[in-house]
Amino acid sequence: MLEGLARRVRLGRFAALDEQPVNRDGFAVEDPSLGLAALASPGDPAPSLVVDEHGRVIELDGRRAADFDVVDRFVAAHGIDLAVAPEAMALPDVELARMIVDLAVPRAEVARLAGGLTPAKLARVVALLRPVELQLGVAKMHVRRTPSIQAHVTNQLDDPLLLAADAATAVALGFRELETTVPVLAHAPSNAVALLVGSQVGAPAALTQCSVEEAIELDLGLRGLTTYAETVSLYGTEQVFVDGDDTPWSKGFLCAAYASRGLKMRVTTGAGSEVLMGEAEGCSMLYLESRCVSLARAMGAQGVQNGGIDGASVAGSVPDGMRELLAENLMVMLRDLESCSGNDTQVSESDIRRSAHTVPLLLAGSDFLFSGFGSVPREDNMFGPSNFNGEDIDDYLVLQRDWGVDGGLRPVSEARLAEVRERAAHAVAAVFAELGLADFDEAHVEAAVVANSSRDLPEHDPGVVADAARAIQARRISILDVVAALARAGYDEEAERVLAMARRRLDGELLQPAAICDEQGRVLSKVTDPNDYAGPGSGYELSPARRAEIASIRQQRSVAARLAEQDEHADHVRLVSRGPAAIGGDPREVVIGVSPAFARALWVTTGGVPVGEALRQIAAGLEEEGCSCRIVRIHDTIDLGMIGLTAARLSGSGIAVGLQAKGTALIHRRDCAPLASLELYSVAPTVTPRMYRELGANAARHAKGLAPHAVRNPYLEEAITARHHARTVALVSVERSLCESGRAPEELEVLR
Amino acid sequence: MTRAFSGRALEQITVEAVLAGELGADDVRIHPDTLREQAAVAEGHRNPQLAANLRRAAELTALGDGELLEVYEALRPRRSTRAQLEALAARLDALPAPACAAFVREALAAYAERGLLA
């Protein structure tokens, strides 16, 4: 029977689950032959390292020198500390894995040993770590003590004024690196200038980059229009490397070329790229990524952007995929390089799943928690949506606050944002005008300042940006031209800050691993701010000021502010004392027992019903059913069960309604236990005037000896406690302050 | 005291100097000595690879922006013949940029074996 049914119908539960966002994600069956394996594959080589008498590596991870591909060759020549290798390679995988999480083993000692590991060995060690161990490893091994975060700042139109306003917004929020890119390659120089100027409004010394084709990116960097570079991509197999039109030597040369102009640079790697190109050579993602990370170290890069990046969802499609992404970040840290830790691709349609990808790293801390948080709305993120975007800023600020961790961002008031956005848009308009690149009118500035995204901008000529970009290239406009334009237009502070970014290339401090500038202009890096985490009481700690900043989200309210809401309804009803309450004798009488602060200090329920109105509705319900009502204040308890029961014992019928100022209400009978009321509205925010009336009518029916259908609480889908508990705490504190132990109930009369 | 590639002191890189037209590109370029100092810092922090990169960078300060782009282009796969890379290495040696020359020769050997020469 059941089998027949199963063939004919879909279960409602499955049909509903099919509509869940997570089921729009693609999931793959593990297939190591295609590289669809996260942590290990039968195709991964066994770790090995053989060195000849001249100190040359003649075998690396099972491959003889004659068979080395370009990646093996470069890593063998430069990437492994051969003085440490005999000791490190001899240690069992599990012992090395334990040293990573053993807080008694110093970070420097782990990094020393990791320097002697081959790519295959490093991957095997990291694969042994369970999620919480990866987190501990990340907390201990990331390079810079102070965490930071990078923003994507882009828009669909490459509108320079919006880019500048959004750059200033990102800096106000706390981002210390800003990355832009272009939907139209030829616009890159215009975007670089807009970002450079906007990034120095509001606070100094944020770094900026423009992610485009390697040669153009280098050219912009050499002229100072960008202040760091990141998109020097590395791959784990030779074929993908060559398909990407590079080799380890061409990329290694780029590393030195950027450094030769004092420019910070990191490389980009990450699982999935080899799989997507069909060239994973049957190896696991973790092993191929270990090759990339080893290559980055071998080339002398200061840092690595990884954790999936463009291929993050490939890792996400296989078992252990999210774990692999975090393990990638850890491998960078073990190689003692700056980790710019991914989270820059939306890994899932599911909010639960994308949060679950990011939160473990956020809690552990990293050099850069995102290698691109989409600081703009998703439709303007020209990298494609990041795992968190402009829409998620408040969520992220709340997550920092929830966990007491420094995610690098801070709440910003609307007034402050308006101020920096306006100044940034004006400053860039002035630079473009001074340099004869384009003229933007005031209406355009205003539109950019108030816009949420480029969709809010009026239509304008797309040729303007292209012409400006072409002129920047043709005239070889440099950072010095931008400084002069700012100064001539009266933007002295920004001129000074942009020039300071040029000066920063001269001392070379930004070339050390994990270097950033803080808002005081200090360089924080492996050299000046090394991570010294060694367990509780060590490592990065929120200062009291920073903790207060993280705590002060714009949505938080003090008790005083909550009570001010109450004051708006003050004195709309007057309850005057008629002396001590006596026990009634009328069998048709129902007593309404109210709480200590009811209509004394509290005036409106959490459902927004003025307390006088709630009282009137209950009385009307009683009256409709032919009962009379008497109001009594219970002074010596704030517990609704006891309020109701005390009132019931005074009631002629033995039935009472208990009512708290916050709106919770019940029907009680004098012979019941305190918590065993007859009927209860337990969720005050949902109780309407109509429902109070029904409660009154039912109380009357109980008084008459009938057995009415109990009132029901409405069904709720929302997080009702999350919405209202903060307010409830404020109201309860007032009830408690007016509660008087031992004071007898008091008879009240309504004066209207 | 930190100096720019041009020899100008850091303190002289001011907005006033920019407006007076006194500064050129070499005034906001890093000096090779500074890169060698940073290489020593990297060495001291147990990162000989970063140190080597910074020493190559110190040599590359002698190249103009256009020349840097040319060398990068020459090192991309199948852009250069053996003779072209040998000539490039010789040019770098003459600069003198011996570490960069060695780097190019190492690339040449790898490219020859892996079929990446033009």
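Above this text is the structure in question.
Cut-off values and rules
- Residues numbered from 1 in each chain as written.
- Chains lettered and ligands numbered in written order.
- Predicted model: local features only at pLDDT ≥ 70, side-chain atom pairs only at ≥ 80, totals over all residues.
- Heavy atoms only, no water.
- Helix = DSSP H or I, 4+ residues; strand = E, 2+ residues; numbered from the N terminus.
- Buried < 20%, exposed > 50% of the residue type's maximum accessible area, 1.4 Å probe, protein only.
- Contact = heavy atoms within 4.5 Å.
- Areas by Shrake-Rupley, 256 points an atom, 1.4 Å probe, with all protein chains shown as cover.
- Lys, Arg positive; Asp, Glu negative; His and termini not counted.
- Charge placed at Lys NZ, Arg CZ, Asp CG, Glu CD.
- Salt bridge = Lys/Arg side-chain N within 4 Å of Asp/Glu carboxyl O.
- Polar contact = N/O pair within 3.5 Å; in protein donor to acceptor, adjacent residues only side chain to side chain.
- Pairing = 2+ DSSP bridges.
- Buried area = accessible area lost by both parts, 1.4 Å probe.
- Axes fitted to C-alpha atoms, helices over the stretch in contact; angles between N-to-C directions.
- Parallel < 35°, antiparallel > 145°, perpendicular 65-115°, else oblique.
- Left-handed = near helix turned anticlockwise from the far one by under 90°.
- Nonpolar A, V, L, I, M, F, W, Y, C, P; charged D, E, K, R; others polar.

1. Re the overall build of chain A
Stage number 1. Scanning chain A for helices and strands turns up 30 helices and 20 strands.
Stage number 2. The principal-axis extent of the C-alpha atoms belonging to chain A is close to 110 × 70 × 60 Å.
Stage number 3. Burial statistics for chain A: of 752 residues in total, 61% are counted as buried.
Stage number 4. Contacts in chain A between residues at least 24 apart in sequence constitute 76% of all its contacts with a sequence separation of at least 6.
Stage number 5. Surface summary for chain A: the accessible area is close to 28200 Å², and the carbon and sulfur share equals 53%.
Stage number 6. Side chains of chain A give 73 positive and 104 negative charges; the mean places of these two sets differ by 7 Å.

2. Considerations on the pattern of salt bridges
In a structure, side chains of opposite charge can pair up when their charged atoms sit close to one another.
Stage number 1. Counted by the stated rule, this structure contains 69 salt bridges over all chains.
Stage number 2. Residue A:Asp219 is joined to A:Arg476 by a salt bridge in which the shortest nitrogen-to-oxygen separation is 2.7 Å. With A:Asp219 in helix 11 (residues 214–222) and A:Arg476 in the loop between helix 22 (463–474) and helix 23 (479–488), this pair connects stretches of sequence that are 257 residues apart.
Stage number 3. With a relative accessible area of 9%, A:Asp219 lands in the buried category.
Stage number 4. Notably, a salt bridge pairs A:Arg743 with A:Glu740, separated by 2.8 Å at the nearest N-O pair.
Stage number 5. Here A:Arg743 falls in the partly exposed class, since its relative accessible area comes to 31%.
Stage number 6. Judged by its relative accessible area of 33%, A:Glu740 falls in the partly exposed class.
Stage number 7. Via salt bridges that share partners, A:Glu213, A:Glu214, A:Asp245, A:Asp246, A:Lys251, B:Glu73, B:Arg76 and B:Arg79 belong to a single interconnected network.

3. Side note on helix 3 (residues 70–79) of chain A
Residue and element names in this part refer to chain A.
Stage number 1. Of all 10 residues that make up helix 3, 8 are buried, and the element is covered over most of its length.
Stage number 2. Taken together, the buried positions of helix 3 are Val70, Val71, Asp72, Arg73, Phe74, Val75, Ala76 and Gly79.
Stage number 3. Its side-chain oxygen placed 3.0 Å from the backbone nitrogen of Val71, Asp69 serves as the N-cap of helix 3.

4. Structural notes on the pairing of strand 15 (residues 589–594) of chain A
All names here are of chain A.
Stage number 1. Where burial is concerned, most of strand 15 is hidden: 6 out of the 6 residues are buried.
Stage number 2. For strand 15 and strand 16 (residues 628–633), the ladder comprises 6 bridges, and the chain directions are parallel. Bridge pairing in strand 16 places Glu589 opposite Ser628.
Stage number 3. Of the strand pairs in this sheet, strand 15 and strand 17 (residues 655–659) are connected by 4 bridges, and their pairing is parallel. Directly across from Val594, in strand 17, lies its bridge partner Leu659.

5. Remarks on the interface of chain B and chain A
Stage number 1. Contacts between the two partners involve 53 residues from chain B, matched on the other side by 63 residues from chain A.
Stage number 2. For the pair chain B and chain A, the summed buried surface comes to about 4900 Å²; carbon and sulfur atoms form 62% of the total.
Stage number 3. When the buried surface of chain B facing chain A is broken down by residue, B:Gln49, B:Tyr72 and B:Arg114 rank first, second and third, together holding 14% of it.
Stage number 4. For the interface between chain B and chain A, the tally reads 7 salt bridges.
Stage number 5. In this structure, the salt-bridge partner of B:Arg76 is A:Asp246, at a minimum N-O distance of 3.8 Å.
Stage number 6. For the side of chain B that touches chain A, the secondary-structure elements that each account for two or more residues are helix 1 (15–19), helix 2 (32–44), helix 3 (48–60), helix 4 (65–75) and helix 6 (98–114) of chain B.

6. So, the packing of helix 3 of chain A against helix 15 (residues 285–299) of chain A
Helix-helix packing is characterised by the crossing angle of the two axes and by the distance between the axes.
All names here are of chain A.
Stage number 1. At their nearest, the axes of helix 3 and helix 15 sit 9 Å apart, and the two run at 50 degrees to each other. On the basis of their axis angle, the class for helix 3 and helix 15 is oblique. Considering the relative orientation of helix 3 and helix 15, their crossing is left-handed. Facing helix 3, whose interface residues are Val71, Asp72, Phe74, Val75, His78 and Gly79, helix 15 presents Arg291, Ser294, Leu295, Arg297, Ala298 and Met299.
Stage number 2. Across the contact of helix 3 with helix 15, the residue classes break down as 6 nonpolar, 3 polar and 3 charged.

7. Let's talk about the sheet that holds strand 19 (residues 679–681) of chain A
All names here are of chain A.
Stage number 1. With respect to topology, 7 strands assemble into an open sheet ordered 14-20-16-15-17-18-19, the strand pairing being mixed. Of all strands in the sheet, those bounded by a partner on one side alone are strand 14 (574–580) and strand 19. Here the average twist between neighbouring strands, direction ignored, is 30 degrees.
Stage number 2. When strand 18 (residues 665–669) meets strand 19, the two strands line up antiparallel, connected through 3 bridges. For Ala665, the partnering residue across the bridge sits in strand 19 and is Tyr681.
Stage number 3. The sheet strands contacting helix 28 (residues 640–650) are strand 15, strand 16, strand 17, strand 18 and strand 19, and the helix crosses strand 18 at an angle near 45 degrees.

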